[in-house]
Amino acid sequence: MSTRGPLPRLLLWSGAVVGALLAVVGGLALRPPGLVAVGLAAVVSACLAAGVARESRPGQPAVVDAAWKAGVATVGVLLVLSGTAVLGGAVLSLLVAGAAAGTWTVVWLVRSRGTGAASPTAAIPARRPAAPLPPVSSLSTADLGREWVRTTTALSGPLDARTREAIVVRREQTLDELERRDPDGFARWLAGLPLAGSDPSGDLRHGDAAA
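Residues numbered from 1 in each chain as written. Predicted model: local features only at pLDDT ≥ 70, side-chain atom pairs only at ≥ 80, totals over all residues. Heavy atoms only, no water.

A. Broad picture of helix α6 (residues 183–191). If you check which residues of α6 are buried, you get Gly185, Phe186 and Trp189. Angularly, the buried residues of α6 cover 100° about the axis, an arc narrow enough to put them on a single face. Projecting away from the buried face of α6 at angles above 90 degrees are the exposed residues Asp184, Arg188 and Ala191. Looking at the buried positions of α6, the neighbouring elements they touch are α4 (141–155) and α5 (161–181). Downstream of α6 by a residue or two, Leu193 has a phi angle that is positive, lying close to 50°. (Buried < 20%, exposed > 50% of the residue type's maximum accessible area, 1.4 Å probe, protein only. Helix = DSSP H or I, 4+ residues; strand = E, 2+ residues; numbered from the N terminus. Arc of directions from axis to C-beta. Contact = heavy atoms within 4.5 Å.)

B. Region of the structure containing the pattern of salt bridges. Under the defined criterion, the tally for this structure stands at five salt bridges. Glu177 serves as the salt-bridge partner of Arg181, at 2.9 Å between the closest nitrogen and oxygen. Here Glu177 and Arg181 lie together in helix α5, a separation of four residues that amounts to about one turn. There is no split in this pair, since Arg181 and Glu177 are both buried. Here the salt bridges share partners, and the residues they tie into one network are Glu147, Arg150 and Arg170. (Salt bridge = Lys/Arg side-chain N within 4 Å of Asp/Glu carboxyl O.)

C. Seen up close, the environment of Ser138. Mapped onto the elements of the fold, Ser138 is located in the loop between α3 (60–123) and α4. Taking relative accessible area as the criterion, Ser138 reaches 39% and is therefore assigned partly exposed. As a C-alpha pair, Ser138 and Glu177 span 39 residues in sequence and 10.0 Å in three-dimensional space. Within the structure, the side chain of Ser138 is placed 2.7 Å from the backbone oxygen of Pro135, a separation counted as a polar contact. (Polar contact = N/O pair within 3.5 Å; in protein donor to acceptor, adjacent residues only side chain to side chain.)

D. The arrangement of the side chain of Asp182 in detail. Along the chain, Asp182 turns up in the loop between α5 and α6. One polar contact links the side chain of Asp182 to the main-chain amide nitrogen of Gly185, over a distance of 3.1 Å.

E. Local environment of the packing of α5 against α6. Direction vectors running N to C along α5 and α6 enclose 125°, while the axes themselves pass 5 Å from each other. Classified by the interaxial angle, the pair formed by α5 and α6 is oblique. Across the interface between the two elements, Leu175, Leu178, Glu179, Arg180 and Arg181 of α5 pack against Pro183, Phe186 and Trp189 of α6. Taken together, the residues of the contact of α5 with α6 break down into five nonpolar, no polar and three charged. (Axes fitted to C-alpha atoms, helices over the stretch in contact; angles between N-to-C directions. Parallel < 35°, antiparallel > 145°, perpendicular 65-115°, else oblique. Nonpolar A, V, L, I, M, F, W, Y, C, P; charged D, E, K, R; others polar.)

F. Focus on the environment of Val80. Along the chain, Val80 turns up in helix α3. Given a relative accessible area of 18%, Val80 falls into the buried group. Residues Val80 and Gly27 lie 53 residues apart in sequence; the distance between their C-alpha atoms is 8.5 Å. Residue contacts for Val80: discarding those within four places in its chain leaves Gly19, Leu22 and Ala23.

G. Structural detail: the packing of aromatic side chains. Evaluation of the coordinates by the stated rule reveals two aromatic pairs. Here the aromatic rings of Trp148 and Trp189 are separated by 6.0 Å at their centres, their planes lie at 90°, and the arrangement is edge-to-face. On the criterion of sequence distance, the pair formed by Trp148 in helix α4 and Trp189 in helix α6 is long-range, its members being 41 residues apart. A single burial state applies to Trp148 and to Trp189, both of which are buried. Since its relative accessible area comes to 6%, Trp189 is described here as buried. Of the aromatic side chains, those joined through ring pairs into one cluster are Trp148, Phe186 and Trp189. Directly above the aromatic system of Trp148 lies the positively charged group of Arg171, at a separation of 3.6 Å from the ring centroid. (Phe/Tyr/Trp six-rings, centres within 6.5 Å; stacked < 30°, edge-to-face > 60°. Lys NZ or Arg CZ within 6 Å of the ring centre and 35° of its normal.)

Set out below in structure tokens:
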């Protein structure tokens, strides 16, 4: 529900002025025990709001903000109801309370629908399709060595089963292509007990990609 435009602003300010007048009347009409009860209700409301904020939005600023807003709102509502009871009796107080509750419910429903309608597209980020990798036969020997190192690094991170399987297949293809190009150099690399992430192209002839 938007508060822009002259009519919504007029209604908002009119309601604020009327509420303030009713709160003043209610505060003046209450005796000390009533004011103490209003204060206790504000403290309880602030504590409850602080507890909820601590669970949902951790952080000292969020807790303090929720606590003081809940306390002020509780005091305002109770004083407005008291002033309404003084001026119009219990029936008018009930009507005002019902109208306030209904208005708050309508506003909450409108905002919930607006948020819910926008959340599915906002929660799912746009995913671009990954570019297909070139075949290993089109890579130079140096590029094959870098591909081996790259896939070794990729396997060290968290991966889903499908991605891990694809990387393993890519590594097998890389090794097969290296062996095909220079069997003797490939055998020397294996004989040296290479580390998992070592570049095998240093022991092989650096030839061009296969035609």
